[in-house]
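Fold and geometry: a report
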Amino acid sequence: MEVKYERIAGNSRHYYLALAAFAAVGLAGVLCTFWVLGQGLWVTGMYNRVPWGLQIVMAIYYIGLSAGSLVISGLYGVFGKLEYKPFARTAVYLGMLFMIAGLLSILTDQGRMDRVFVQPFVHFNLLSLFSINPMLYISYILICIVYLYALFRDKKKLTRVVATLAFAWAFGVHSGTGAIFGFGPRTLYDSPLLPASFVVAAMASGTGLMIALLVALFRLTRRHLDDELVFGLGRLLALFVLVVLYFLAVENLYLVYQVEWRAAALYYLFGGFHSVIFWVGLIGLGCAVPLFLLFYPRTSKSIPWVVTAGCLVVLGVLCERYVIVIPGLTRPPEIFPGMEVSGPGLIEGVASYAPTLVEFCQALGVLGIIGFLFLAGLKVFKLLPAEARIAKQAGPAS
Amino acid sequence: MDRREFLTAGGGLLLAGAAGTYAVRLLTQAGAVEAVTAGRHRWGMVVDLRKCRPDCTACLEACRLENNTASVGDARWDVHWIRKVHVKPKNGGAERSVVLLCNHCDHPPCAQVCPVQATYKRADGIVIVDHHRCIGCRYCMIACPYNARYFNFKESEEWPNKEFPKRSHGVAESCTLCAHLLDVGKKPACVQACERAQAGALVVGDLNDPQSEISRLVSENSVKRLREDLGTEPKVYYIGL
């Protein structure tokens, strides 16, 4: 099936305005980061009891989104579904950008950003997931570059090989990211399910984003997009959300059921503001509502409703990343099991965390940078297809 | 399979095998978790809670003044290498005061997760941070099950001990067992302060030396370490916990 790819014209006022807006937000984030570097991380909402905050949440979120968009291109590159070939280039380019966003988020969170460019490469520690994972992230970006090369030059055999490699690598990348928490000694982190549940949530969020983004892009650039392609992605999204729910159910039921972890589970589910984010943001808006929209006949065959479902899943997985990171830190480690521990200052007991304006600025700044790169890429590279139709020919696939 | 494919596959396998062998060698060398301690000191501490007075803060002050830990007047960012907490059983029992600090574990989770091996265990068992290498990722703080690690969020203006460096913001740290004092035959600041306060609840010594006071205390008393179930093998022994 031959697909004609094009650049967007990119000469409308709206396009330049959007480009400028993303650039401005990105620049604000960069300036903010320089300021944090000079002041010290005390200007964020983090402190000695909650040493990780919004930037780490966003880092793992962006990393998750990157593999998700790879699902779409994997449908074509690995499973040979030609009807998704039109989206392959956009999906891989976006996947690469989100991985860069994840790395940028981690980079701007470090206490000594200047050392990050040398030390982790010269003195790595293969026993540390924080050492292994950046190697996986960077090699993932390199694989995406090769993948894009194969797609642009339409080298079918190379595409097949790289697509399969990228697919497998994405599993490694996401399992590794989940393992940062899952392989840690904090009660609410420690779980062998976390790597797997991370992969599925990544795929759900990525698929949701692609649905919304593709419909928006095709509509804005007046390109034809077969509704059935979107509905197909919608069905895939529903499947991913079901698996996400399954993992959430198993993890939390286990914690509640076991006497040993019950106190921790009750804190997680009902013990703080994060519980609102869990029930309303993740379970309600992120899973239940999208599933209803994607299964109820009247909405599952309606493009606006499927896009809504996609957006809700994107929001829901952000909530999921938040409740992975923060409650595990706000709940104190069990130094004396079965005892109440109190002390002067803020080190003992349940902590709380609220991001400051600076952190929001940095998080948006990262989004601004990759938004700019994506918009610019649509004009510079031939990413979008002229149209996306399901081919009706009965002959052998080309 | 033709000859070209066979040779390609064979070459690939050889490459994979070489890479794998190299990886295994790297894996077993990297991390610096285990240390050979035979013939060297193996530093540990005994905290005798029977002798520790709940209202006394001598060790806390001495540590801060010796090690220049950040003191910015805000509980969020003040660093306490050694601290005192109140512990009370959830279902009835008396409240008691416990001194907490880095346990200098034999299997330190902090060293295991440090991406640049800035946190490492010395051959004499002290877990310490190379402040010139630390990138400030704070993973070690997440990994420590004892909440014993701190980050320099904000630099303090004070520099009480000019003979010991002050850390810039952006690096992680924890109690060094006053390695700079032990290395020249002196006692850690907290131990000295506790002796001056007429309590003598803190004892630091060489666990490898059967004649040392700490070895005697550990073998003659019912000692307990924190979260022994975790397998971290802490080297701070509590009497009367």
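Residues numbered from 1 in each chain as written. Chains lettered and ligands numbered in written order. Predicted model: local features only at pLDDT ≥ 70, side-chain atom pairs only at ≥ 80, totals over all residues.

**What about the overall build of chain A?**
For chain A, the helix and strand inventory stands at 13 helices and five strands. Counting only C-alpha atoms and orienting by the principal axes, one finds that chain A spans roughly 70 × 50 × 40 Å. Scored against the burial criterion, the 398 residues of chain A give a buried share of 49%. Put simply, of all contacts in chain A between residues at least 6 apart along the chain, 77% involve residues at least 24 apart. (Helix = DSSP H or I, 4+ residues; strand = E, 2+ residues; numbered from the N terminus. Buried ≥ 20, exposed ≤ 12 C-beta atoms within 10 Å, placed from the backbone. Contact = placed C-beta atoms within 7 Å.)

**Some remarks on the overall build of chain B**
A count of helices and strands for chain B gives seven helices and 10 strands. In chain B, 62% of the contacts between residues at least 6 apart in sequence involve partners at least 24 apart.

**Examining the confidence of the model for chain A**
Low-pLDDT stretches of the model should not have their predicted coordinates read in fine detail. On average, chain A scores 92 in pLDDT, and the residues at 70 or more come to 98%. When pLDDT is averaged over each helix and strand of chain A, the minimum, 86, is found for strand β5 (residues 387-388) of chain A and the maximum, 97, for helix α10 (residues 273-295) of chain A. (pLDDT = per-residue confidence, 0-100.)

**A few points about the packing of helix α6 (residues 156-182) of chain A against helix α7 (residues 194-220) of chain A**
Residues and elements named next belong to chain A. Two elements in contact, α6 and α7, have axes whose closest approach is 7 Å; the angle formed by their N-to-C orientations is 130°. Judged on the interaxial angle alone, α7 and α6 are oblique. The way α6 lies across α7 gives a crossing that is right-handed. Across the interface between the two elements, F171, H174, S175, T177, G178, A179, F181 and G182 of α6 pack against L194, P195, A196, S197, F198, V199 and A202 of α7. For the contact of α6 with α7, the residue count by class is nine nonpolar, six polar and no charged. (Axes fitted to C-alpha atoms, helices over the stretch in contact; angles between N-to-C directions. Parallel < 35°, antiparallel > 145°, perpendicular 65-115°, else oblique. Left-handed = near helix turned anticlockwise from the far one by under 90°. Nonpolar A, V, L, I, M, F, W, Y, C, P; charged D, E, K, R; others polar.)

**Section: the interface of chain B and chain A**
Contacts between the two partners involve 48 residues from chain B and, on the opposite side, 40 residues from chain A. Only α1 (3-29), β2 (82-89), α3 (109-113), α4 (139-143) and β6 (150-151) of chain B provide two or more residues apiece to the side of chain B that touches chain A. Looking at the side of chain B that touches chain A element by element, the count peaks at seven residues for β2(B). Per-class residue counts for the side of chain B that touches chain A are 29 nonpolar, eight polar and 11 charged. The pairing of strand β3 (residues 339-342) of chain A with β2(B) spans four bridges and is antiparallel. Bridge pairing in β2(B) places A:S342 opposite B:H86. (Pairing = 2+ DSSP bridges.)

**A look at the environment of A:H14**
Residue and element names in this part refer to chain A. Secondary-structure assignment places H14 in helix α1 (residues 13-39). Note on H14: 8 C-beta atoms within 10 Å, which makes it exposed. Taking the C-alpha atoms as reference points, H14 and P192, separated by 178 residues in sequence, lie 47 Å from one another.

**Points about helix α12 (residues 303-330) of chain A**
Residue and element names in this part refer to chain A. Over its 28 residues, α12 runs 41 Å from end to end, which matches the ideal 40 Å to within 8%, given 1.5 Å per residue. Its maximal kink placed at V323, α12 deviates by approximately 25°, while the proline P327 follows within four residues. For α12, a buried count of 21 out of 28 residues is recorded, marking the element as mostly surrounded by other parts of the structure. (Expected span 1.5 Å × (residues − 1). Bend = angle between axes of the 7 residues up to and from the residue.)

**What about the sheet that holds strand β9 (residues 223-224) of chain B?**
Here we have four strands laid out as an open sheet, ordered β8-β1-β10-β9 (chain B), and mixed in their pairing. Strands with a single pairing partner mark the edges of an open sheet, and in this sheet they are β8 (202-206) and β9 of chain B.

**Re helix α13 (residues 357-380) of chain A**
An α-helical segment advances 3.6 residues per turn. Residues three or four places apart therefore align on the same side. All names here are of chain A. The end-to-end C-alpha distance of α13, which contains 24 residues, comes to 34 Å, matching closely the 34 Å that a straight helix rising 1.5 Å per residue would cover. Of the positions making up α13, those classed as buried are E359, Q362, A363, G365, V366, G368, I369, I370, G371, F372 and L378. Residues of α13 that are buried make contact with α1, α2 (54-77), α3 (88-107) and β4 (384-385).

**Re the sheet that holds strand β3 (residues 96-101) of chain B**
Spatial strand order, β3(A)-β2(B)-β3(B): three strands in an open sheet with antiparallel pairing. If you trace the sheet from one side to the other, it starts and ends with β3 of chain A together with β3 of chain B, each paired once. On average, each strand axis in the sheet is tilted by 40° relative to the strand beside it, whichever way the strands run. Of the strands in this sheet, β2 and β3 of chain B are in contact with helix α2 (residues 58-67) of chain B, which crosses β2(B) at around 150°.

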